[in-house]
Amino acid sequence: MRVLKLGLVQGVFGGILGWLFGFALVIGSRLLLGLPAQWNPNLTGLAAYEPAVVVAGIFFVVGFMIGVGAVSDWLKWARGIDTPFNHGARIPGTSELARYFNVDYSHKVIGIQYAITGVLLLGVGGTLAMIFRLQLAQPELNFVPPDVFNTMISAHGMIMIGGILLGVGGMSNYLVPLMIGANDMAFPRLNAFAYWINVPGALLLCVAMVIGGWNTGWTGYPPLSAQAPLGVQYFFLGVFFIGLSSILGSLNIIVTTMTMRSPGMSLFRMPVFVWSAFATAIIQLTATQFIGLSFLMVLVQRILGMGFFDPGGPVWSEVDKWAGGGNPILFQHMFWFYSHPAVYLFVLPGLGIISELLPVFARKPLFGYKWIAMSSMAIALVGFLVWAHHMFVSGMSNYLRVPFMMSTLLVAVPTGVKFFSWLGTLWGGRIEFKTPMLFALGAISVFLIGGLTGPPLGTVATDLNLTDTYYVVGHFHATMFGGFIFPFLAALYYWFPKATGRMYNERLGQLHFWLMTPAFWVMSLGQIFVGMHGMRRRIATYEVGLDIGTAQMMVTIAGFVIFISVLIMMFNLFVLARRGQRAGANPWRSRGLEWQVPSPMPEMTYPATPVVVGEPYDYGKPGSIYVQFAPAAPALHTGASITGGD
Amino acid sequence: MTAVAESYQVQTRRNRMGFWLFFLSESFLFGGLLVARYYLWGNTRPSMEDTVIGPLHISYQVIPLMITAVLLLSSFFMNRAEVAIANDDRKTFSRSILLTVLMGLIFLLGVLIFEWGWKTVDGQIVLGRHISPTDGVFGAVLYGMTGMHALHVVSGLVLLMLVWNLGRKGHFSPEKHWGVEATAIYWHYVDLVWVFFYPAIYLIGVGVHAAGH
């Protein structure tokens, strides 16, 4: 019964207990106050007890966090008991694998927990996409009923976003301390808490699909979401808690970056990925509050009748004195104030990975290091000023359109800086086409599709025609794949030997790439094509007369090819690599700090303090040194200094 | 300086930075509520009924003004508690914390009883002596703002009681009292938020009377 002792299992038990407690609490208080247990007598099933279900959902998360043990130390501190900070397995006698199912404070464990959970969520979201793509493969099919279809596209959207956020968290948590020469994050307990709260959050998102679903799309606009089935409440709660994780995790990243860099690592000697993780963290820390707040406002509008977004005023009000006045446009402003910068927080770490990998495989210095560091910050900051370009047709004030169009097109400038830096880095390099490099190059090609289809959406005149068509879907998927999925896969392949000490199978990796990239081009261009031919978003089927059946079929087939290629990667990394070649400390001949210690890394990554003495990306410059290890420390490395390049 | 004390200082510096970043984040939450208030209320605000006790007409604005003053004053005692523990004055620390808690409770009761109020309609207890959450945007925003702020006051009170208890057990020293410092900053922050919320709810804009008044 060792399984029962795992934190994850205890968390689920705690969550269920918490759920029951919360449910009983609300029903009990209603009965005590002389109210009927049922909130709405016109509804049946759980929906009749909506406030109790919502409170139960919150207590589910609380119960989970207590059960899993993510708050144990803090509860002890509150009672005045100090807890030692052990680096390493916290529960003695457990296996290395069990660490990943328990609360663990090591940032390397947490980073992998994030990444694996992210991959799982992406898998769930991808499976949903496969199902509804079958529905769209031919016109006028009735394979998935329309209401189920709507739930599936909504769940696909938000579960994918959750997966991306976890993937971003995985890369940041794993790589930032390694890259700046720290042994852990600034707040390891908070780090574990921020990871674990994603798990009940993601569970709520999945449960939302089966307690009625929701038909609003991932955006959850009222007034539709104010009337949607019960599932929308757990959708709100799930996003709320995943958002809380974003806020706490990003706070940790910023403090870690600001206070824990190695001696000699000035801001402009940090690896560019750290810059992009830092810029991402700024967005996550601040803007996330707005999506949480906007969803919370709809949540209370549904259960307490607070009419933030209800122009007509609640009809059931007993003391209807100041009726009405709500405005759904406010929701869109608040929602997009997060959700547009969110897109940049999804892509910035990915773009950082591309900039990180190109110099290693081209064996050349990174072109324009300072510009690329600053362009990440610029994208993050300009990202706060563009949200209303999602709302050109919403009915917001007309005078807002042109300023938001201009700020939107301004984003192309720092993004262009990145593209030219990549080209400049590749120019004249001796490129090694290993799997991570292929994915970085694939990312550039895919992100280019996403980038070039952007300006027509940012320009008011063309957006009025393209909005809410599959053109938007094509554009968005290209930016997400180019900005996150491809670089994330590149990062998985690139750091896999560092994390495990084993090499993946290069041939299968290349096969994965050569299946996925052309398939993605077909899928993305196909979506753009059907969109321009009149295919609407969020519609369960389309007419034969649109004459886009062939294109839709190709999109579906391409989607399945991508799905299969990802399965190949999973087989490669999780099954085949167990018997893979030993990788050695630095298979890519990288100058990065983390590559100068053995693979897999020891529990304390840097027993000797690394001292940064040179520039990070001077590949190919003879005699240039990036990092030295403090000489007084135990002789861990033969050769105290590491020269980079050929 | 011993290594332990040094590492406490290092960690406290990080804690401080993390805490301020947390407040930056929270400012966006409260800022979002202010955005909602200005977007939905514009240049208006709800003008509620006076409380009538015999011949006495007390404006609905008097109680909020009083509890605002109490909350602001409580920050003084919070600060006094922090200074006291830095000077190893346990007695003043303990007393000041309790005074802060008391004033926080007065504020909370003011919100719960005088702003939210409770009344009986057909034998059922409902919210809303002056205004109810279902009173259109006026009710929604007023309850949203005061509710979110009250939630923070409650968590501040919990922190205060924890810190008081730990202080009673002799857990803090002039060198090591990050817990007190954090609670103090948190309490001041919650105060600061109210400095923005109070005028936004009660002072700015033209008072709109409920229909039929």
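Cut-offs applied
- The residue count restarts for each chain, going from 1 along the sequence in the order it is written.
- Chain A is the first chain written and ligand 1 is the first ligand written, with later ones labelled in order.
- The model is predicted, so local features are restricted to residues of pLDDT at least 70 and side-chain atom pairs to those at 80 or more, both for listing and for counting; the totals for chains, interfaces and linings are taken over all residues.
- Think of it this way: any DSSP run of H or I at least four residues long counts as a helix, any run of E at least two long counts as a strand, and we number them from the N terminus.
- Only C-alpha atoms enter the radius of gyration, while the globule expectation follows 2.2 Å times N to the 0.38, with N the number of residues.
- Three exposure classes are used, based on other C-beta atoms lying within 10 Å of a residue's own C-beta, which is placed from the backbone: buried for 20 or more, exposed for 12 or fewer, and partly exposed in between.
- C-beta atoms are first placed from the backbone for all residues, and any pair lying within 7 Å is then listed as a contact.
- Delimitation of the domains relies on an automatic or database domain assignment.
- To estimate the expected span of a helix, count its residues, drop one, and scale the result by 1.5 Å.
- Charged means Asp, Glu, Lys or Arg here, nonpolar means Ala, Val, Leu, Ile, Met, Phe, Trp, Tyr, Cys or Pro, and polar covers whatever is left, Gly included.
- Axes here refer to lines fitted to C-alpha atoms; in helices the fit is confined to the stretch in contact. Angles between the N-to-C directions go from 0 to 180 degrees.
- Angular relationships are summarised with four words: roughly parallel below 35 degrees, roughly antiparallel beyond 145, roughly perpendicular across 65 to 115, and oblique for the angles in between.
- Crossings are sorted by hand: turned counterclockwise from the far helix by less than a right angle, the near helix makes the crossing left-handed, and turned clockwise it makes it right-handed.
- Only when DSSP finds a minimum of two bridges between them are two strands counted as paired.
- Joined through C-beta atoms within 7 Å, a set of buried Ala, Val, Leu, Ile, Met, Phe, Trp, Tyr and Cys residues constitutes a nonpolar core.
- Across the chain, each position has a pLDDT score giving the predictor's confidence in that residue, from 0 to 100.

Engineer: Got a minute to help me understand the overall build of chain A in this structure?
Structural biologist: A tally of helices and strands in chain A yields 20 helices and 3 strands. The C-alpha atoms of chain A give a radius of gyration of 25 Å, which matches the 26 Å a tight globule of 646 residues would have. Each principal axis of the C-alpha atoms in chain A carries an extent, and together these give about 80 × 65 × 45 Å. Split into buried and exposed, the 646 residues of chain A put 56% on the buried side.

Engineer: I'm lost on the overall build of chain B in this one. Help?
Structural biologist: Assigned secondary structure in chain B consists of 5 helices and 6 strands. In chain B, the succession of α and β elements from N to C terminus is α-β-β-β-α-α-β-β-α-α-β. The buried share among the 213 residues of chain B stands at 35%. Considering only contacts within chain B whose residues lie at least 6 apart along the sequence, 72% involve residues at least 24 apart.

Engineer: Looking at this structure, how should I read the domain arrangement of chain A?
Structural biologist: Size of an interface, as often reported, equals the accessible area lost when the parts are brought together. Residue and element names in this part refer to chain A. For chain A, the assigned domains read domain 1 (1-82) and domain 2 (104-313 + 325-579). If you look at the interface, domain 1 gives 19 residues, while domain 2 gives 19 residues. Mapped by element, the contributors of at least two residues to the side of domain 1 that touches domain 2 are α1 (7-32), α2 (50-68) and α3 (72-78). The leading source of residues in the side of domain 1 that touches domain 2 is α2, at 11 residues.

Engineer: Explanation requested: α2(A) in the structure shown.
Structural biologist: All names here are of chain A. Between its first and last C-alpha, α2 extends 27 Å over 19 residues, near the 27 Å set by a 1.5 Å rise per residue. Of all 19 residues in α2, 15 are buried, a share of seventy percent or more. Remark: G69 follows α2 within two positions and exhibits a positive phi of approximately 95°.

Engineer: In this structure, what is going on with the interface of chain A and chain B? I would like to understand it.
Structural biologist: Residue-level contacts link 39 residues of chain A with 40 residues of chain B. Contributing elements (two or more residues each) for the side of chain A that touches chain B: α9 (231-259), α10 (272-304) and α11 (328-362) of chain A. Among the elements that take part in the side of chain A that touches chain B, α10(A) stands out by supplying 8 residues, more than any other. Within the side of chain A that touches chain B, the residues separate by chemical class into 24 nonpolar, 13 polar and 2 charged.

Engineer: What exactly am I supposed to notice about the packing of α11(A) against helix α18 (residues 470-500) of chain A here?
Structural biologist: In a packed pair of helices, the relevant descriptors are the angle between the two axes and the axis-to-axis distance. Residues and elements named next belong to chain A. It is the contact of α11 with α18, at a shortest axis distance of 8 Å, that shows an interaxial angle of 45°. When the axes of α11 and α18 are compared, the pair comes out oblique. Note that α11 runs across α18; the crossing there is left-handed. On the side of α11, the interface is formed by V343, F346, V347, G350, L351, I353, I354 and L357, while α18 contributes T479, M480, G483, F484, P487, F488, A490, A491 and Y494. Residues of the contact of α11 with α18, tallied by class, amount to 14 nonpolar, 3 polar and no charged.

Engineer: So what exactly am I meant to see when it comes to the pairing of strand β2 (residues 625-629) of chain A here?
Structural biologist: Every regular strand shows the same layout, with side chains that alternate between the two sheet faces. All names here are of chain A. The element β2 is largely enclosed, with a buried count of 4 among its 5 residues. Relative to β2, strand β1 (residues 610-612) runs antiparallel, the two being bridged by 3 bridges. Note that in β2 the partner of V611 across the bridge is Q628.

Engineer: Sorry, what's going on with the nonpolar core here?
Structural biologist: Residue and element names in this part refer to chain A. Counting 243 residues, the largest nonpolar core has W196, L357, A440 and A490 as its most contacted members. Sorting elements by how many residues they give to this core places α11 first, with 22 residues. Each of two domains, domain 1 (1-82) and domain 2 (104-313 + 325-579), supplies a minimum of three residues to this core.

Engineer: What is the right way to look at helix α3 (residues 90-116) of chain B in this model?
Structural biologist: An α-helix turns once per 3.6 residues; consequently, residues spaced three or four apart project the same way. All names here are of chain B. The first and last C-alpha atoms of α3 sit 37 Å apart over 27 residues, in line with the 39 Å expected at 1.5 Å per residue. Where α3 is concerned, the buried positions are F93, S96, I97, T100, M103, G104, F107, V111, E115 and W116. In the segment just after α3, G117 is the residue with positive phi, at about 65°.

Engineer: I would appreciate a short explanation of the packing of helix α4 (residues 107-136) of chain A against helix α20 (residues 549-575) of chain A in the present structure.
Structural biologist: All names here are of chain A. Following both chains from N to C, one finds α4 and α20 inclined at 155°, their axes separated by 9 Å at the closest point. One finds that α4 runs roughly antiparallel with respect to α20. Pair α4 / α20 crosses with left-handed handedness. Here α4 contributes G126, A129, M130, R133, L134 and L136 to the contact with α20, which in turn contributes Q552, T556, G559, F560 and F563. In terms of residue class, the contact of α4 with α20 is made up of 6 nonpolar, 4 polar and 1 charged.

Engineer: Whenever I open this one, the environment of A:G559 confuses me. Can you help?
Structural biologist: All names here are of chain A. Looking at the secondary structure, you find G559 in helix α20. With 25 C-beta atoms counted inside 10 Å, the residue G559 sits in the buried group. Each C-alpha atom, one on G559 and one on G350, is 21 Å from the other, the two residues being 209 residues apart in sequence. In this view, G559 contacts A129, M130, R133 and M523; residues no more than four positions away in its chain are not counted.

Engineer: Looking at this structure, I do not really get the confidence of the model for chain B. What am I missing?
Structural biologist: Parts of the prediction with low pLDDT should not have their coordinates interpreted in detail. Confidence in the prediction for chain B averages 87 pLDDT; 88% of positions are at 70 or higher. Taken together, the chains of this predicted complex give a pTM of 0.93 and an interface ipTM of 0.91.

Engineer: Got a minute to help me understand the environment of A:V611 in this structure?
Structural biologist: All names here are of chain A. Positionally, V611 belongs in strand β1. When the C-alpha atoms of V611 and P263 are compared, they prove to be 5.2 Å apart, with 348 residues separating the residues in sequence. Residue contacts for V611: discarding those within four places in its chain leaves S262, P263, G264, V627, Q628 and A630.

Engineer: So what exactly am I meant to see when it comes to the confidence of the model for chain A here?
Structural biologist: Residue and element names in this part refer to chain A. Overall, the prediction assigns chain A a mean pLDDT of 90, with 94% of residues at 70 or greater. Here strand β3 (residues 641-643) stands out as the least confident element of chain A, with mean pLDDT 39; helix α15 (residues 435-452) is the most confident, with 96. The low-confidence segment residues 313-319, where pLDDT is below 50, has 17 contacts with residues more than four positions distant or belonging to other chains.

Engineer: Could you clarify how one ought to interpret unusual backbone geometry in this entry?
Structural biologist: All names here are of chain A. Note that the residue after P222, namely P223, is joined by a cis bond; omega there is 5°. The step from S599 to P600 runs through a cis peptide bond, and the omega angle for that step is -10°. Residue position: P600 is located in the loop between α20 and β1. Residues other than glycine seldom take positive phi values, yet R589 does so here, at roughly 55°.

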